[in-house]
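Examination of the molecular architecture
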Amino acid sequence: MADTWNTDTGEAVYRSRDAIKNLIIRVRVERVTSTAALSKHLQQKVLSQPGGGAIELETLTSSGQTGDNEEELVVGWQEKLFSQYEMELFQNESACQTPLDRQYHAEVKALNKAKGRRNQRIFTYTDHDRYTSCLALHQLQTSSDLLSTTKSSPTFLAERMASVRHRRQDRRTIDGSVPKSKIVNWEPTAEFVKTSHVVNNAMQTMHIMGDLAPAGKMGQKENEYLLVTIKTDCSGTVIVKPDFNNDKEPYRIVTAGDKREVWRLTVKNMCTTMQPEEKEREQNVYKDLYGRHKEYLNSLVGQDFEMPPVGILRYMMNGEIVSAKGFEYNNLYIHFFMELPNNWSSLPFQTLSGVTQTCWAKTLGKENVAFFSYPFSFEAFYMSEKESEESIPQWPVIYFKVLSLDSWQRFRTEGYGYLLFPAMPGKQTITCHTWRPLQTGTVSALRRFFIGGSPELEDHSYVRIPGTFKGERLSRFGFCTETTGSVTFNLHCIQQARAFVDASMLKKRRQKVIDQLGGFSQQGAVCTILEAFQRARKKMQEARESLPRDLLHTTSQLQVESSA
């Protein structure tokens, strides 16, 4: 006559878009007695035989004891059902200390004046009850018995702080410095993720309890047992422990004490499913609501974009300094600023420079890479005073300097570089190589190692062709440099001008200097080719001028003879 029990007592997680107030659960508890077990066994045996349905076994059941041995109740979300202990406690107004206690006192008085409470053994603790956070932890043992631990229970504050992320205590060493190698854990374990990356959502809790005391001894705290726990958050997640039976065997509850009575627990979800017509009606309501919200946002933004004036190009760059690698020393940071050529301008409040955070390098393969992930944004405007077909506009330049910092707060110059604004809009990843001035001799190397001194550029634009240079050729003869590392940028560029949307001006864009700015891929490619051709032509002229006079005269004579 052994009963089969449901041993899967773990929690189940559900997600619902419906309001949690519509949750309805039916809970049934039934005491397992020898008479009930024998009656159930005989009924199953007789019903399994043909023609056995005519045999009546009503004499084996005790109808007088049915109400005391079992109870079935339908409970709604956060519905307060008082226990016998609470009915006796809140009858006395002097025992009420909080506004919630006084509210319960009024409800208990109303119940006593009416027909009384509709529950006997099953009652609830809502999220507002102080008992909710002070309940002991109930665990299901391997023997499928539901036991309650009454030796110690967490306080209200301890229960509320259990899910809060604790501050790490091992971040600082004895001398107070922060070990930079522990700031980022590159190989986190499952336990580290569980303890350090927990999303702390506010949970509402409801407990369905049962007073499983023997007949005549109800109303004692030691006879209260946790039947069902329900938790939910604002995102629609519902956690039920134990899960709904759903045509499975009932759960087994064994009480403490000498008798160790056995109770059956059945939990069912009584929420009514929505009809197809109701689902369609709800979806239409949501669509209408979202449509109205979209129209409201459009009314705030407007239908027209903010356009720059006629003849002006608006250039917006959202960039990121991703990483730096290949430098001699560690603990790097980057100082950068933007230089605007002629005919370019920016807003008065626009910041044209910045400094990244100090970053400790990580070894990847044979390289030491420092990941900055430092964002920046620039906005500039171009307006040409004299438009001509031959003029090629100059692009803004970002100059940057890589420095290192040691434990004595001494910095060294690790490299100089520059980044030219891309002529093509869109997303681009650019790696810029750097170099630094080199002073020959052992004294310079010792000074750089011990006291951090190193040669620096007075004018950072000397990395490229300075904007103040007006001569024909810039000589760097005798200037010693050393190649260092590289810096990687992620750039998202946007170009905006009225010429891009005006159909009449698009036909004449080749006659406008503003349209030579690379707004379209073909025009950008033409500008790139022209710049490369001018650089190659200049190099060829310099090489020709550096040759001896007699060699040039001999070459010209050979060309004349060959042509003859």
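Residues numbered from 1 in each chain as written. Predicted model: local features only at pLDDT ≥ 70, side-chain atom pairs only at ≥ 80, totals over all residues. Heavy atoms only, no water.

1. As for the overall build of the protein chain
Within the protein chain, the regular secondary structure consists of 11 helices and 21 strands. Buried positions account for 33% of the 564 residues belonging to the protein chain. Pairs at least 24 apart in sequence give 71% of the contacts found in the protein chain among residues at least 6 apart. Surface exposure of the protein chain reaches about 36,900 Å², of which carbon and sulfur atoms provide 53%. (Helix = DSSP H or I, 4+ residues; strand = E, 2+ residues; numbered from the N terminus. Buried < 20%, exposed > 50% of the residue type's maximum accessible area, 1.4 Å probe, protein only. Contact = heavy atoms within 4.5 Å. Areas by Shrake-Rupley, 256 points an atom, 1.4 Å probe, with all protein chains shown as cover.)

2. Quick look at the sheet that holds strand 4 (residues 122-125)
With antiparallel pairing, five strands are arranged side by side in an open sheet as 1-9-8-7-4. The two strands at the open ends of the sheet, each matched to only one other strand, are strand 1 (12-15) and strand 4. Across the sheet, the axes of successive neighbouring strands diverge by a mean angle of 25°, strand direction being ignored. (Pairing = 2+ DSSP bridges. Axes fitted to C-alpha atoms, helices over the stretch in contact; angles between N-to-C directions.)

3. Some points on the sheet that holds strand 3 (residues 70-76)
As summarised here, the arrangement of the four strands in space is 3-2-11-10, forming an open sheet in which the pairing is antiparallel. With partners counted over all chains shown, the strands left at the sheet margins are strand 3 and strand 10 (251-254), one partner each. Taken over all neighbouring pairs, the strand axes of this sheet differ in orientation by 25° on average, direction set aside. In this sheet, strand 3 lies alongside strand 2 (residues 24-32) in antiparallel orientation, the contact comprising seven bridges. Its bridge partner being in strand 3, valine 29 is matched across the sheet by glutamate 71.

4. Description of unusual backbone geometry
A cis geometry characterises the amide bond from lysine 241 onward to proline 242, with omega recorded as -5°. For proline 242, the position within the fold is in the loop between strand 9 (237-241) and strand 10. A positive phi angle is found at asparagine 331, which is not glycine, with a value near 60°. Here asparagine 331 is to be found in the loop between strand 12 (312-325) and strand 13 (332-339). Judged by its relative accessible area of 9%, asparagine 331 is buried. If you check the backbone angles, asparagine 343 has positive phi at about 70° while not being a glycine.

5. Overview of the side chain of threonine 255
Inspection of the secondary structure puts threonine 255 in the loop between strand 10 and strand 11 (262-269). From its side chain, threonine 255 meets the backbone nitrogen of glutamate 261 in a polar contact 2.9 Å long. (Polar contact = N/O pair within 3.5 Å; in protein donor to acceptor, adjacent residues only side chain to side chain.)

6. Overview of the pairing of strand 17 (residues 367-383)
Across a regular strand the side chains alternate sides, sitting on one face of the sheet and then on the other. By the bridge criterion, 13 bridges tie strand 12 to strand 17 in an arrangement that is antiparallel. Within strand 17, the position partnered with tyrosine 315 by the bridge is alanine 380. With three bridges connecting them, strand 14 (residues 344-346) and strand 17 associate as antiparallel partners. Bridging across to strand 17, serine 346 finds its partner in alanine 380. Note that strand 16 (residues 362-364) and strand 17 share three bridges and pair antiparallel. Bridging across to strand 17, threonine 363 finds its partner in asparagine 368. As consecutive antiparallel partners, strand 16 and strand 17 are separated by two residues, and within that stretch glycine 365 has a phi angle of approximately 70°, a positive value.

7. Digging into helix 7 (residues 276-301)
For an α-helix, 3.6 residues make a turn, and residues three or four places apart therefore share a direction. Between its first and last C-alpha atoms helix 7 spans 37 Å; for 26 residues at 1.5 Å apiece the expected length is 38 Å, and the two agree. Counting buried positions over the 26 residues of helix 7 gives zero, only a small fraction of the element. (Expected span 1.5 Å × (residues − 1).)

8. Side note on the pattern of salt bridges
What the rule picks out here adds up to 13 salt bridges. Here arginine 26 ties to glutamate 72 by a salt bridge, and the two come within 3.6 Å at their closest N and O atoms. In this pair, arginine 26 is assigned in strand 2 and glutamate 72 in strand 3, connecting sequence segments 46 residues apart. A relative accessible area of 23% places arginine 26 in the partly exposed class. (Salt bridge = Lys/Arg side-chain N within 4 Å of Asp/Glu carboxyl O.)

9. Quick word on the nonpolar core
Across soluble globular proteins, nonpolar side chains show a tendency to be buried alongside one another. Counting residues in hydrophobic clusters, the biggest one holds 33 residues, and the most contacted among them are Phe376, Val487 and Phe489. At the level of elements, strand 12, strand 13, strand 17, strand 18 (397-405) and strand 21 (481-496) are the ones that each hand at least two residues to this core. A per-element tally of this core places strand 17 first, with six residues. Once residues within four sequence positions are removed from consideration, valine 487 is found in contact with Ile321, Ser323, Ala324, Phe327, Ile334, Phe400, Val402, Ile430, Thr431, Cys432 and Thr434. (Core = buried A, V, L, I, M, F, W, Y, C linked by side-chain atoms within 4.5 Å.)

10. Remarks on the packing of aromatic side chains
This structure, assessed with the given rule, holds 20 aromatic pairs. Judged by centre distance (5.6 Å) and plane angle (85°), the ring pair of tyrosine 462 and phenylalanine 479 falls under edge-to-face. Of this pair, tyrosine 462 sits in the loop between helix 8 (442-450) and strand 21 while phenylalanine 479 sits in the loop between helix 8 and strand 21, and the two are 17 residues apart along the sequence. Residue classification places phenylalanine 479 among the partly exposed residues on the basis of a relative accessible area of 30%. An aromatic cluster is built from Tyr315, Trp344, Tyr382, Trp395 and Phe421, whose rings are joined through pairwise contacts. Cation over ring: arginine 17 sits above tyrosine 286, and NZ or CZ is 5.6 Å from the ring centre. (Phe/Tyr/Trp six-rings, centres within 6.5 Å; stacked < 30°, edge-to-face > 60°. Lys NZ or Arg CZ within 6 Å of the ring centre and 35° of its normal.)

11. Brief notes about the pairing of strand 11
Of all eight residues in strand 11, six are buried, a share of seventy percent or more. Where strand 2 and strand 11 come together, eight bridges link them in antiparallel fashion. Looking at strand 11, one finds that glutamate 30 is bridged to arginine 264.

12. Quick notes on the confidence of the model for the protein chain
Of all residues in the protein chain, 73% have pLDDT values of 70 or greater, and the mean over the chain is 77. Across residues 57-65 the pLDDT falls below 50, and counting only partners more than four positions away or on other chains, this stretch makes seven contacts in the model. Of the regions scoring below 50 in pLDDT, residues 509-522 engages in 47 contacts with residues more than four places distant in sequence or in other chains. (pLDDT = per-residue confidence, 0-100.)

13. Remarks on a nonpolar patch on the surface
Together, Val184, Trp186, Leu364 and Phe371 make up a nonpolar patch on the protein surface, roughly 390 Å² of accessible area in all. Turning to its location among the elements, valine 184 is positioned in the loop between helix 5 (156-160) and helix 6 (190-196). (Patch = residues over 30% accessible without salt bridge, like charges linked within 9 Å, V, L, I, M, F, W, Y side chains within 5 Å.)

14. Points about the side chain of glutamate 261
Within the secondary structure, glutamate 261 is located in the loop between strand 10 and strand 11. In this structure glutamate 261 comes out as buried when scored by relative accessible area, which is 18%. At a separation of 3.2 Å, a polar atom in the side chain of glutamate 261 contacts the side chain of arginine 31.

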